[in-house]
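# Observations on chain architecture
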Amino acid sequence: MKILIFDTDATVREVFGRELGEHELLFIEEPVNRDALLLHSDADVVSVFVSSRLTREDIQLLPNLRAVVARSSGIDHIDSEFLKEKGIALNTVPRYGAHTVAEYTFALLLALTRRVPESLTHMNAGVFEKAPELEGDDLYGKTIGVIGTGAIGANVVTRAKAFGMKVLMYDLFPNTALESDEARYTALDEIYAESDIITLHAPGTPETHHLLNTAAFAKMKQGVVIVNTARGELIETEALLQALRSGKVSRAALDVLEGERELREGGENSTVHALIKEFVQGSKRVILMPHIAFFTREAYHEILRISVANVHEFVKKSIK
Ligand code: NAI
């Protein structure tokens, strides 16, 4: 079987090479691109990471394609409807340590509330005294709004409770097991009105596109803190920029950015550039990260282990 593997690094090459050596493996370091698809148009299986986009046009370039192995839980970067229409299997990694992203959510949140980037800037400049601007905020006693309480959101909720926070939750399908004296489900409007911190854990879908827009920010508390480790498209970046400028949003940490793939490929985005220039550079209230909430040794190996198992499973089924 010919397997075309995009977005590869040394770990992917090592694990796939070791576990799938009986197949013809083609490792491509870059995200999905037309040249590679044309060159290997006879591929049976394609494996992609979230840095790739797999469009209808891409899929049409691969007439033999029978399975897509996504090395991610989210599939907003793949035209899954078209795959279904063509009868091509789509395998994902639905669970791989939701605690990993939940831990990172708190890493970002604590970095914001305890002024970690500002303190580093301070120390790097050789200033060893505490400065008034390094005074932080406790999480204890604060209200956190958790939007999306699936695998990751649920892990955020349990950790928030451990910090002594009050938790407001929103999900299309509430998980009553998470409810307690400190945590309850409510409507989005109450989350906006009552939360000191809002963290996003819903998938990128047409329904969640620009969930946090100008109207949503207008309903929030003055000085709210925003954390996004879900998908960049959940936030209207221009509206966030305005909310940061007005002080409505006091701080924000984004592991994911609207249009991040285009940016990675060198594309221009004046809103993101304004965000970086006005707030990120010099550690002024915003932290941006290169989509690495999932990226621990344990979670990355788990993603690759499950992806390899998905290929084996597909091969087994297609031999039957
Ligand atoms: P999950 O599928 O377990 O949970 C998602 C939850 O969102 C579900 O409970 C679902 O009912 C809810 N939901 C769906 N549409 C909604 C809507 N319109 N409003 C409110 N809730 C809605 O997914 P999981 O594993 O918790 O991951 C959540 C998201 O985190 C993924 O879709 C992915 O985009 C992102 N992610 C980011 C990573 C990173 O490295 N930054 C790594 C892994 C996931």
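Residues numbered from 1 in each chain as written. Predicted model: local features only at pLDDT ≥ 70, side-chain atom pairs only at ≥ 80, totals over all residues. Heavy atoms only, no water.

### Observations concerning the site of the ligand
The line we're drawing: We define proximity as follows: a residue is near a molecule or strand when any one of its heavy atoms falls within 4 Å of that partner. In the analysis that follows, any N or O atom pair within 3.5 Å is treated as a polar contact, provided that within protein one partner can donate a hydrogen and the other can accept it, and provided that, for residues neighboring in sequence, both atoms belong to side chains. Only the protein chains shown count as cover for residues, and the accessible areas themselves come from Shrake-Rupley with a 1.4 Å probe.
Inspection of the region around the ligand gives 25 residues, with Ala151, Ile152, Asp171, Thr229 and Asp255 positioned closest. One of the backbone N or O atoms of isoleucine 152 is found 2.8 Å from an oxygen atom in the ligand. Within the contact set of the ligand, a nitrogen atom lies 2.9 Å away from a side-chain nitrogen or oxygen of aspartate 255. Burial of the ligand by the surrounding chains reaches 86%, relative to a free accessible area of 860 Å².

### Notes on the environment of leucine 83
Stated formally: Secondary structure elements are taken from DSSP: a helix is a run of H or I of four residues or more, a strand is a run of E of two residues or more, and numbering for both begins at the N terminus. Think of it in three bands: residues with accessible area under 20% of the maximum for their type are buried, residues over 50% are exposed, and the middle band is partly exposed, with areas taken using a 1.4 Å probe on protein chains only.
Mapped onto the elements of the fold, leucine 83 is located in helix α4 (residues 80–86). Owing to a relative accessible area of 1%, leucine 83 belongs among the buried residues under this scheme. With 12 residues separating them in the primary sequence, leucine 83 and arginine 71 have C-alpha atoms 16 Å apart.

### What to know about the side chain of threonine 208
Cut-off, in case you're wondering: Every residue pair with non-hydrogen atoms within 4.5 Å of one another is taken to be in contact.
Mapped onto the fold, threonine 208 is located in the loop between β9 (197–200) and α9 (214–219). Not counting chain neighbours up to four residues away, the residues in contact with threonine 208 comprise Ala202, Pro203, Glu233 and Leu234.

### Some points on helix α12 (residues 270–280)
Rules: Here, the arc refers to the directions that run from the helix axis to the C-beta atoms.
Of the residues making up α12, those classed as buried are Thr271, Val272, Ala274, Leu275 and Phe279. In an axial view of α12, the angular spread of the buried residues amounts to 155 degrees, which keeps them on one side of the axis. Of the exposed residues in α12, the ones pointing more than 90 degrees away from its buried face are Ser270 and Lys277. Contacts from the buried residues of α12 go to α10 (237–246), β11 (249–254), α11 (260–264) and β12 (286–288). Between a side-chain oxygen at the N-terminus of α12 and the backbone nitrogen of threonine 271 the separation is 3.1 Å; the capping residue is asparagine 269. Just beyond α12, the residue with positive phi is glycine 282, at close to 80 degrees.

### Some points on the sheet that holds β11
For clarity, the cut-off: Two strands make a pair as long as DSSP finds a minimum of two bridges between them. Here the axes come from fitting lines to C-alpha atoms, over the contacting stretch only for helices, and the angles between their N-to-C directions go from 0 to 180 degrees.
With parallel pairing, the seven strands of this open sheet are ordered in space as β8-β7-β6-β9-β10-β11-β12. Every other strand in the sheet has two partners, leaving β8 (183–185) and β12 as the edge strands with one partner each. Across the sheet, the mean angle separating the axes of adjacent strands is 15 degrees when strand polarity is ignored. Bridge analysis of strand β7 (residues 166–170) against β8 gives three bridges, and the strand direction is parallel. If you follow methionine 169 over to β8, its bridge partner there is tyrosine 185. Sheet contacts for helix α5 (residues 98–113): β6 (143–147), β9, β10 (224–228), β11 and β12; angle to β10, the most-contacted strand, approximately 150 degrees.

### Describing the nonpolar core
Most often, soluble globular proteins keep nonpolar side chains buried together rather than apart. Which entries qualify depends on this criterion: Residues belong to one nonpolar core when they are buried, are Ala, Val, Leu, Ile, Met, Phe, Trp, Tyr or Cys, and are joined through side-chain atoms within 4.5 Å.
The biggest cluster of nonpolar side chains holds 33 residues, and the ones touching the most others in it are Leu212, Phe217 and Ile226. Only α8 (188–194), β9, α9, β10, α10, β11, α12 and β12 provide two or more residues apiece to this core. Considering every element that reaches this core, the biggest residue donor is α10, with five residues. Contacts of phenylalanine 217, omitting those with residues within four sequence positions, involve Leu212, Ile226, Ile235, Glu236, Ala239, Leu240, Ala243, Lys248 and Val249. Counting 27 residues, the second largest nonpolar core, distinct from the first, contains Leu112, Met165, Val225 and Val227.

### Some words on the packing of α5 against helix α7 (residues 151–162)
Helix-helix packing: each pair is described by the crossing angle between the helix axes and the interaxial distance. This is how it is decided: Here roughly perpendicular refers to angles of 65 to 115 degrees, roughly parallel to angles under 35, roughly antiparallel to angles over 145, and oblique to all remaining angles. Should the near helix be turned anticlockwise from the far one by less than a right angle, the crossing is left-handed, and should it be turned clockwise, the crossing is right-handed. Three categories are distinguished: nonpolar for Ala, Val, Leu, Ile, Met, Phe, Trp, Tyr, Cys and Pro, charged for Asp, Glu, Lys and Arg, and polar for the others, with Gly belonging to the last.
For the pair α5 and α7, interaxial distance at closest approach is 8 Å and the crossing angle is 50 degrees. With respect to α7, the axis of α5 lies oblique. Seen along the crossing, α5 lies across α7 with a hand that is right-handed. Seen from α5, the contacting residues are Ala98, His99, Val101, Ala102, Glu103, Thr105 and Phe106; seen from α7, they are Ala151, Ile152, Asn155, Val156, Arg159 and Ala160. Taken together, the residues of the contact of α5 with α7 sort by class into eight nonpolar, three polar and two charged.

### Re the domain arrangement of the chain
Interfaces are frequently sized by the accessible area removed from exposure as the parts join. Test applied: What counts as a domain boundary in this text is fixed by an automatic or database domain assignment. Take the accessible area each of two parts loses on contact, using a 1.4 Å probe, and add the two losses: that sum is the buried area. We count a salt bridge whenever a side-chain nitrogen from Lys or Arg sits within 4 Å of a carboxyl oxygen from Asp or Glu.
Taken domain by domain, the chain holds domain 1 (2–96 + 298–319) and domain 2 (98–288). The C-alpha centroid of domain 2 is placed 31 Å from the C-alpha centroid of domain 1. Facing the 11 residues of domain 1 at the interface are nine residues of domain 2. Between domain 1 and domain 2, a total of about 840 Å² is buried, with carbon and sulfur atoms accounting for 40% of that surface. Here domain 1 is connected to domain 2 by two salt bridges. A salt bridge links arginine 53 to glutamate 262, with the nearest nitrogen and oxygen atoms 2.7 Å apart. Tallied by class, residues from the side of domain 1 that touches domain 2 come to four nonpolar, four polar and three charged.

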